[in-house]
Amino acid sequence: GPRGPPPPLPRPPPPPRTSRGATTTTTTTTATTRRVGAGGARVTTTMGLESAASRLRSEHLDSLSRLSSRMSKVQVETIKDVQIARVGEDAVELAVVSCEDDRCVSILVPLDLPVVCRLNDDGFDECIIQNIQTLDKETEDMERFDKAREAIPQQVATSSKFTVYGGVASEKPGWWQDPKDKDLSMACLEIKDILNGKDFESDLRNVANRLLRETRRRSAAARVDTIGPKGILLTALDDETQAPLPLALPFDAPSFDTFELRRNVLGVVEKASSN
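Just so you know, the residues in each chain are numbered from 1, in the order the chain's sequence is written. Side-chain atom pairs in this predicted model are given and counted only at pLDDT of 80 or more, local residue features only at pLDDT of at least 70, and totals for whole chains, interfaces and linings cover all residues. Water and hydrogen atoms were dropped before computing side-chain values, which therefore reflect all heavy atoms in the structure.

**Side note on the nonpolar core**
What counts here: Within this scheme, the nonpolar core is defined by two criteria: the residues are buried Ala, Val, Leu, Ile, Met, Phe, Trp, Tyr or Cys, and they are joined through side-chain atoms within 4.5 Å. Buried means the residue's accessible area, taken with a 1.4 Å probe over protein chains only, is under 20% of the maximum for its type, while exposed means over 50%, and partly exposed covers the values in between. Helix numbers and strand numbers start at the N terminus; a helix is a DSSP run of H or I with at least 4 residues, a strand a run of E with at least 2.
Formed by 26 residues in total, the largest nonpolar core has its most connected members in Leu-195, Ile-227, Ile-232, Leu-234, Ala-236, Leu-261 and Val-265. Mapped by element, the contributors of at least two residues to this core are α4 (182-195), α5 (201-211), β6 (219-228), β7 (231-238), β8 (244-250) and α6 (258-274). Broken down by element, the residue count for this core peaks at six residues, all from α4.

See the structure below:
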């Protein structure tokens, strides 16, 4: 009898999809994709955001590479490519390729922006770029903090100039607040030790001189007495009389966690150094 229709050809297998933890292997290279951080920020993907992504890629690739390295803990020398995966009003996500020893890893690095940028504003591109530059500077300062913390056991805890008088008893200001939880309390003590180390000796002197500006006094050196969620108490050494000068420096905003505490302290140091 007549033959029926030929059986349908089998469908080719679908191409592999990249997802968290997915791995594909070639003859010479293994590529792995993973996500760094929680990345819970709201991200908007519209055609109108392509301009900001293009400018970041063409004008600020060095900053993106440094941020990728610091946020993902990979060496900047191993980064072979950085792409803008997504740009939003309050977040940017980077797609980073890092290769070492014939093995390449693709990493998704979310960056929460310090300041929200409104898509409908004329200065949206500039706002995104300013955020990236701010993050680049902040992470550079925090990297400096981390290196100083690692060196604490090998360095003198405070300047030798303070052996002449030790601490100074003074009343705490009305805005002062002690840390409320263990993590914040430990961070305050740790950052105090970092600031009192050799790496930040000139920075503390700049902070003290900024506080003493209206008194016409100058500080030969300064040390941190204590740090809290709302500010820093420190003692300066008068450049002429060698007398101890107790000083108080409130933050612009209180610190509710260890990240905000580090940001506030670094902001104080940077502001004093730039003036």
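**Concerning the environment of Ile-194**
By secondary structure assignment, the location of Ile-194 is in helix α4. Judged by relative accessible area, which is 1%, Ile-194 ranks as buried.

**Side note on the side chain of Asn-264**
Applied cut-off: In what follows, a contact means two residues having at least one pair of non-hydrogen atoms within 4.5 Å.
One can find Asn-264 in helix α6. With a relative accessible area of 16%, Asn-264 lands in the buried category. The contact partners of Asn-264, leaving out residues within four places of it in the chain, are Phe-251, Ala-253, Pro-254 and Ser-255.

**Focus on the pairing of β7**
Rule in force here: The pairing criterion for strands is at least two bridges between them, as found by DSSP.
Counting buried positions along β7 gives eight out of eight residues, so the element sits mostly inside the fold. Burial of the side chains of β7 extends over both faces: Gly-231, Leu-233, Thr-235 and Leu-237 are buried on one face and Ile-232, Leu-234, Ala-236 and Asp-238 on the other. Relative to β7, β6 runs antiparallel, the two being bridged by eight bridges. Bridged to Val-224 within β7 is Leu-234. Following β6, the chain reverses through two residues before pairing antiparallel with β7. Where β7 meets β8, seven bridges bridge the pair, whose relative direction is antiparallel. Counterpart to Ala-236 in the pairing with β8 is Leu-245.

**Examining the layout of surface pockets**
Heads up, the rule is: The way it works is a 1 Å grid over only the protein atoms, where trapped points that fit a 1.4 Å probe form a cavity and open points with protein on both sides within 12 Å along at least five of seven lines form a pocket, and then any residue with an atom within 4 Å of a point lines it. Grid points are joined across faces, edges and corners, and a volume is the space filled by probe spheres set on the points. Classification convention: Asp, Glu, Lys, Arg as charged; Ala, Val, Leu, Ile, Met, Phe, Trp, Tyr, Cys, Pro as nonpolar; all other residues, Gly among them, as polar.
What the second largest pocket holds in volume is close to 300 Å³. Lining the second largest pocket are 16 residues, and of these Asp-252, Arg-263, Asn-264, Gly-267 and Val-268 lie nearest its centre. Among the elements of the structure, α3 (124-150), β8 and α6 are those that each provide at least two residues to the lining of the second largest pocket. Taken together, the residues that form the lining of the second largest pocket break down as five nonpolar, three polar and eight charged.

Everything listed here is a matter of geometry and, on its own, says nothing about what the molecule does.
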